[in-house]
Every structure is written in structure tokens, then in C-alpha cells.
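So the chains spell out like this:
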Amino acid sequence: MPDRLKALEAFAQRRSATPSRDWYVQEWLLLLFAVGMLLFIYFVARHEAELEKSEIIRDAALIEQSITRKLEADQTFFDRLALDMGDGRFSSEEFDRLAGKRAIDSGYILDVLRIKRTLEVTRHAPAFNSLEAVTLNRAPFADQIRISSFSEKTSRSTYSQPYRGATGRYFIEYAAPVFDQTRFDGTINAIISFDALLEKSAPDWAPRKYRLVISDTDGNGITNAEAMNLEAGMHQHTLPMSLPWRDLQLTLVGAKPNSLLPNLTLSSAVLALTALMVWTLMSLRKQQRMRVDAERDRDRVYMQSISSLKETNDRFGTVLDSLDVSVYVSDLHTNELLFCNVQLRESFPGVAVGQSASSIEDGFVVSPPEKYPAVMLVTAANEPGGVFKDELEHRPSQRFFLTRTRAVRWVDGRLARLTTLGDVTDRVSADRIRQTQQDRLTRTSRLMSVGEIASTLAHEINQPLAAIANYVNGCIRRLRSNGSPDPTIISAMEKADVQVARAGAIISRVREFVRTREPERRAISINDLAADMAKLVDSDEESRALRCVLDLDPSLPKVFADRIMIEQVLLNFLRNAREAMSHLPAAERIAVVRTRRVDGEMAAVEVLDRGTGIPTEVAGQLFSPFFSTKADGMGMGLNICRSLIEYHEGRLTFEDNTPCGTIFRFTLPFDEGQI
Ligand code: ADP
């Protein structure tokens, strides 16, 4: 599996294994936060309640003090007034004026009475007309008598018990004794309304914060008693009033409910913020969960696709490994080996992924990248097929591979070269063997047909040849014995005799060849052979004139050939050259016989003429048996020549000569011992 795939798999596993412990921690933190906020509110509420408590105690003391101070000032005033009245310093009218003013100024003294010793009310200075009747009609009551007698006895001022007036409100009276000289002369009584007292003598802020209640020690209300019951849930504080009437007490009832919620705005803000935060965290949490779920799903799909990718990859690897051909993939540009199957590693030991693919390719006579460059593959990749097939020879292993190469995109996206190498060595050698056999068969059949013709001809010609030889010999003998005057005739006759003997030799050779099928090949000098043949055809005779010019490579090693056969071929070339130039004047019939080395290991023999040349339509059938453009031509020469040369593992070819004429050429292998 490629490293990239492994890395992807490891990553996905790591992700799916990520613990969700963090979530629980978050949940606990959220809970702790909410509890913490509630506790905070509770403690703030408690703290505020305590603050309120201490505040109410302080306020109660202040209010009580304020009331007491006012009353004490009144006491002093009325004591003084009583003293002055006793001394007769003030007239009754003046009493009315002073007392009345005091009453009005105080706001809570309803009336000031001058009560005689007989308890008769002689004057009164009412603050409010509406109450006049009440106070005027006020009959002396038991307590009145008691305070009067108390004042008389003790010569001290005193307060009455609170009492309820006709309107249902409570009052109290302050009695200051008047002494005419030393004689008790009644009292000056200031009638104080509790309700007004509280209203006027308490500080301004008190009514805003509290309901003030004055009650007796049994809790029986004197003022505002209902407040204590109605607002039992409020903060309240009671303290005794430090006045001569010791049995009264002042209660402060908070205007706000006594709740654990300290400050509604603050606590609701804190609660709202807490709720908002909790809600935010919850929704964040929800989103996180959704995201995590989505990621899980994605990871699962991812894992599935990775595992299917892995399976596909494994399958791909298995398929490639079980193939009979070697497969490798290399980077198209760097030629780095990206993949190779088992077969390839077996065929090319030591090859490994990561190396350069040239370790495989260098051994080829022509390597796939040389033959099919990257540009060629990429261009062809877009076309249908896009595969390049070739049969390449691998030199080190001496094997042949059928290669298929094409551009592919590798798993990591880069362009790569996919090459398959199918070993076709067996087929190639079989083909070669078959081809060799086929060639041999063709050659053999050609030789056989040539042999049969030759055998027939030899048989037929042998008789006339023998007769010619006899006649020629007879002629020579006769000419000699007759003493012929022209020695050239004898010489020509002798040449004719040699040629007849040669014809006989050729015929017997052909017969022998046909019979044995094996010519006599040995090391011969091709230059000597060429020179002999040139000399042979060199003729002065006008009609058959042909001058041979030799152009021989003296460094040529000997060739391995049957001399007679090669002479026959060269002779045929020269004869054809002469016939091709027969239209030329005798002096211009020049053929060049050239020998040279070709391909390093072959000798080539060429005959260059300046004849008619070979037209294209003739060239195609030049080697067909019995093809001839001459009236007396046999058309067998070139056919036999090619068979003979091919028998020697050489080649017979021809081409146009410049400026005119033809070059006929055959090649022969050097004798191995000569090279
Ligand atoms: P033949 O000489 O009996 O015709 P060959 O097989 O030797 O048979 O030659 C076949 C034909 O090839 C000849 O008829 C001639 O047309 C052509 N040919 C051979 N050699 C030459 C040459 N040097 N120049 C032109 N034509 C040639």
C-alpha cells in the first residue's frame, strides 16, 4: 500500500478515537457555574438583608430620637409656659396666642388646654378648628384627674395614658402644673395626636422607607396598627420609646418586602445573564455536538472510503502481482520507480521502488523513454488507446519483451509512465527459427528448381558440349598439322576449347551441386577472383568488347565461399553489363569491378556499368525465373545468382548508377579465421 494511503488511514483512526471527555467536563463546568451564580445571588441577598436589618435598627433609633427630641422641646416649652402663667406673666389671651402658635408650628399638637384645679377647662388654644369641638366637649376623665393630682402632688409635668378620641384616633396629653405662687392652680395640657406626631416629628425620609407604628407593649396598636399585620412579610424593628410613658414602643415596618431576592433589578440581571450564558453555552454545546456528529459521520464515510480504497489498492496489487507480465510505474519526469509487481522484481532482481527506472530500462537496445518520450505519451493519453506497443530487446538478459507503455495519473496526482513487459523471447526465437527454416526451405526449393533445370540442361547440353569440344580439338589438331597460316585462329580455337571445358566444368559442378546439395566453401581472395573474371571477359572483339576497370580494396580479408559459384555470379553481372552497354561504341563499354568492406564483416563486390539502366517496371520482376528483356535471354541468370549468394549468407542487390547505368552488388561473409 502506498505510504500516502497508510498516513490517511492513521489520521482517520486518530480522529475517530478522540475522546469526548471534554464534553462532560464542559457540562460539569456549566452546572457549577449555574450553582455558583445561584449561591452568589443567595449570599448577596443575605448580605443585603443583614444590611437592611442593621439599617432599620439605625433608622429606628434615629426616628425615635427625632420624635423624642421634638416632644422634649415641647415639654420644655409648656413647662416654661406653665411657670410663666403661674407667675402671671402672661395674660389669658397671650396664653392663647403662644400656645396656639406652638400647636400650629408643631403640627401634631391639636390643642392646648388651660385646666383649672377643679378640672374645669378655662381656655384652649386649638390648632385646628375641626378638632375644637372634640377638645371642648372633652369631659375630664379618670386619667385626667390622675395626672392633675399627680402634678399637684409632685409639682412635676406628666403624660396621660393614651386615649382614643371621638374620631377613633389616639391622643396623649402632656400636663404641665401651674403654680400660682406655691399653690397648685391646675395644669396646661397639650393634646398630642399620635398620628400627627409620627407624621410631623419623624425625619422626612422615614415615611418613604417605613411605615411607623406606635403600640403598647402588648402590641395593641395606637397608630397604624394595621400595617404590622398587613405587612408582616416586611422587615420590621421595634424599640421602646424613651419617654415618660415607658409602655409604648415604636415599630418600623419596611416598605419593601422582606425577600431573599436582594435587589430585584440586580438579581434579575444576574439571573438573566446567567440564563443567557447557560443558553449560549447550551446552544454552543448543541452546535458542537452537531459538528462533532457531522465530523464523526464524515470520518466514518472517510474511513469507509479509505478501507474501500485500500481494498481496491490491495486488489489492484494482487491482480498486478498475479499477472504474467512485468509491470512498473515510473514518474514521467524524474523517472523515479513508483510501483513494480512481483514478476518485474523476479525478472529484474535488485530493482526497488524509489530507485530510478533506468536500472530496468538501460539494458534495452532502445529503452521505452527513448522511444516514447513524455510529451508523446501525454499527447497520446488523450486519444483513444494511447498505448504504445513495441518489441524491444534486452541486451543483458538476451531476452525480448513486448512492451506496452502509456501515461497514467498516479495515486498522488502526478503523471506517471505505466509500462508492461511481456517476455516474448520464446516466441521471437521460435519466429526466428521458423524464419530461418522458411528461408532455407525457399533457398533449397529454389536451388532444387535451379538444380533440376541445371540437371536437365546439363544432361541435354553435355552431349553437344562434348561434340563441340571434340570438333574444336579436331579443328585445332588439324590447323596445327596443316600448319595454318593464321596463328590467331588457333589461339581463338584454343580459347573456345577452354570455354567449352569451362562450360563442361560448370555443368558438372551444377550436377554435382544438385547431387550433393553442398558446395565447397573455403577461404578465397575475392580480389583475385574479381581480377580473374575481369580478365576473362576483357575482350578485344568488337562486338563483344568490354573493358573492365578494377577498383579493389586490398585490405579485404578472404571470404568464405565456393569459388565456382561466385565466379558464375560475377560473370553473369559482367555479361549483363556488357549487354546493357551494347548500344554504345566499343570503346565506351567500360565496367568497373569494385570490392569493398560493408557493415564491418562482409565483403561487397560491385559491377558498375553505364548501360541502359533498369526501368521501374522491370526492377520488380528482375529475379523472376525466366524473366528477360533480351530476345535470346534465358532469364535465369539473376535468379540463380541470388540463390547462390543467399546460400552464402550474403545479399544480392542493385541500384541506379550515376549518371546512368546500374550497379549490381553482392555481399559475402568473411572467412572467420581471417577476421
Ligand atoms: P538474361 O540475361 O538471360 O536476360 P538475367 O537473369 O541475367 O537473364 O537478366 C534478366 C534481365 O535483367 C535482363 O534481361 C535485363 O533486362 C536485366 N538486366 C540484367 N542486368 C542488367 C544491367 N546491367 N543493365 C540493364 N539491365 C540488366
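Because the structure is predicted, anything quoted here is derived from the model rather than measured. (Residues numbered from 1 in each chain as written. Predicted model: local features only at pLDDT ≥ 70, side-chain atom pairs only at ≥ 80, totals over all residues. Heavy atoms only, no water.)

A. Geometry of the overall build of the chain. Of regular secondary structure, the chain possesses 19 helices and 22 strands. Within the span of the chain, comprising 675 residues, buried residues form 39% of the whole. With an accessible surface of roughly 38100 Å², the chain has 55% of that area assigned to carbon and sulfur atoms. (Helix = DSSP H or I, 4+ residues; strand = E, 2+ residues; numbered from the N terminus. Buried < 20%, exposed > 50% of the residue type's maximum accessible area, 1.4 Å probe, protein only. Areas by Shrake-Rupley, 256 points an atom, 1.4 Å probe, with all protein chains shown as cover.)

B. Structural context of the sheet that holds strand β22 (residues 662–669). On the basis of which strands lie adjacent, the open sheet formed by five strands has the order β17-β19-β20-β22-β21 and mixed pairing. Strands at the two margins of the open sheet, each flanked by one partner only, are β17 (547–551) and β21 (652–656). Strand-to-strand twist across the sheet, computed as the mean angle between neighbouring axes with direction ignored, equals 20°. Here strand β19 (residues 590–598) runs beside strand β20 (residues 602–608); their pairing, made up of seven bridges, is antiparallel. Bridging across to β20, T595 finds its partner in V605. Along the sheet, helix α16 (residues 526–537) contacts β17, β19, β20 and β22; its crossing angle with β17, the most-contacted strand, is approximately 165°. This element, helix α19 (residues 637–647), spans β21 and β22 of the sheet and lies at about 30° to β22. (Pairing = 2+ DSSP bridges. Axes fitted to C-alpha atoms, helices over the stretch in contact; angles between N-to-C directions. Contact = heavy atoms within 4.5 Å.)

C. Just the side chain of D390, in detail. Its location among the elements puts D390 in strand β13 (residues 388–394). A polar side-chain atom of D390 sits 3.3 Å from a polar atom in the side chain of Y372. In contact with D390, other than residues within four places in its own chain, are K371, Y372, F401, L402 and T403. (Polar contact = N/O pair within 3.5 Å; in protein donor to acceptor, adjacent residues only side chain to side chain.)

D. Just a nonpolar patch on the surface, in detail. Together, Y24, W28, L31, V35, L39, Y42 and F43 make up an exposed nonpolar region whose accessible area comes to about 740 Å². With respect to the helices and strands, the residue Y42 is situated in helix α2 (residues 21–86). Residue classification places Y42 among the partly exposed positions, given a relative accessible area of 34%. (Patch = residues over 30% accessible without salt bridge, like charges linked within 9 Å, V, L, I, M, F, W, Y side chains within 5 Å. Salt bridge = Lys/Arg side-chain N within 4 Å of Asp/Glu carboxyl O.)

E. Geometry of the pattern of salt bridges. The full count for this structure, using the stated rule, is 33 salt bridges. The partner of E494 in a salt bridge is R480, and the shortest N-O contact between them spans 2.0 Å. Of this pair, E494 sits in helix α15 (residues 487–516) while R480 sits in helix α14 (residues 425–482), and the two are 14 residues apart along the sequence. Residue class for E494 comes out partly exposed when judged on its relative accessible area of 32%. On the accessibility criterion, R480 (51% relative accessible area) is exposed.

F. Summary view of the sheet that holds strand β15 (residues 415–423). Strand order in the open sheet formed by five strands is β12-β11-β15-β14-β13, with antiparallel pairing between adjacent strands. With partners counted over all chains shown, the strands left at the sheet margins are β12 (337–340) and β13, one partner each. When the angles between neighbouring strand axes are averaged without regard to direction, this sheet yields 25°. Direction of pairing for β13 relative to strand β14 (residues 399–409): antiparallel, over a ladder of seven bridges.

G. Structural context of α16. Here α16 spans 17 Å end to end across 12 residues, near enough to the 16 Å set by a 1.5 Å rise per residue. Restricting attention to buried positions, one finds in α16 the residues I526, N527, L529, A530, M533, A534 and V537. Looking straight down α16, one finds its buried side chains confined to an arc of 160°; they lie on one side. (Expected span 1.5 Å × (residues − 1). Arc of directions from axis to C-beta.)

H. Geometry of the packing of helix α17 (residues 563–580) against α19. Close contact between α17 and α19 brings their axes to 10 Å; oriented N to C, the two are set at 145°. Relative to α19, α17 is oriented so that their crossing is left-handed. Two secondary-structure elements touch here, α17 through M565, I566, Q568, V569, N572, F573 and N576 and α19 through G637, L638, C641, L644 and I645. Residues that form the contact of α17 with α19 fall into these classes: eight nonpolar, four polar and no charged. (Left-handed = near helix turned anticlockwise from the far one by under 90°. Nonpolar A, V, L, I, M, F, W, Y, C, P; charged D, E, K, R; others polar.)

I. Highlighting the environment of A503. Considering the arrangement of structural elements, one finds A503 in helix α15. Sequence-wise, A503 and N462 are 41 residues apart; in three dimensions their C-alpha atoms are separated by 8.9 Å.

J. Looking closely at the packing of α16 against α17. With their axes 10 Å apart at the nearest point, α16 and α17 run at an angle of 45° to one another. Considered as vectors, α16 and α17 are oriented oblique to each other. Judged by the sense of rotation from one axis to the other, the crossing of α16 with α17 is right-handed. Residues I526, D528, L529, A530, D532, M533, A534, L536 and V537 of α16 form the contact with α17, whose own contacting residues are R563, I566, E567, L570, L571 and L574. For the contact of α16 with α17, the residue count by class is 11 nonpolar, no polar and four charged. (Parallel < 35°, antiparallel > 145°, perpendicular 65-115°, else oblique.)

K. A look at the nonpolar core. Of all hydrophobic cores here, the largest spans 40 residues; its most connected members are I63, F78, V112, I188, L212 and L250. If you list the elements that add at least two residues to this core, you get α2, α3 (92–106), β1 (109–115), β5 (170–180), β6 (183–193), α6 (194–201), β7 (210–216) and β10 (248–257). If you tally residues by element for this core, the top one is α2, at nine residues. Apart from residues lying up to four places away in sequence, L250 is in contact with A60, I63, E64, I67, L198, L212, V213, I214, H237, T238, L239 and M241. Formed by 39 residues, the second largest nonpolar core is a distinct cluster that contains C548, A561, V593 and V605. (Core = buried A, V, L, I, M, F, W, Y, C linked by side-chain atoms within 4.5 Å.)

L. Structural detail: the packing of aromatic side chains. A complete count under the given rule lists 13 aromatic pairs for this structure. Ring centres 5.3 Å apart and planes at 65° place the aromatic pair Y42 and F43 in the edge-to-face group. Taken together, F573, F623, F654, F664 and F666 form an aromatic cluster joined through their ring pairs. One Lys or Arg, R102, reaches over the ring of F77 and ends 4.7 Å from the middle of that ring. (Phe/Tyr/Trp six-rings, centres within 6.5 Å; stacked < 30°, edge-to-face > 60°. Lys NZ or Arg CZ within 6 Å of the ring centre and 35° of its normal.)

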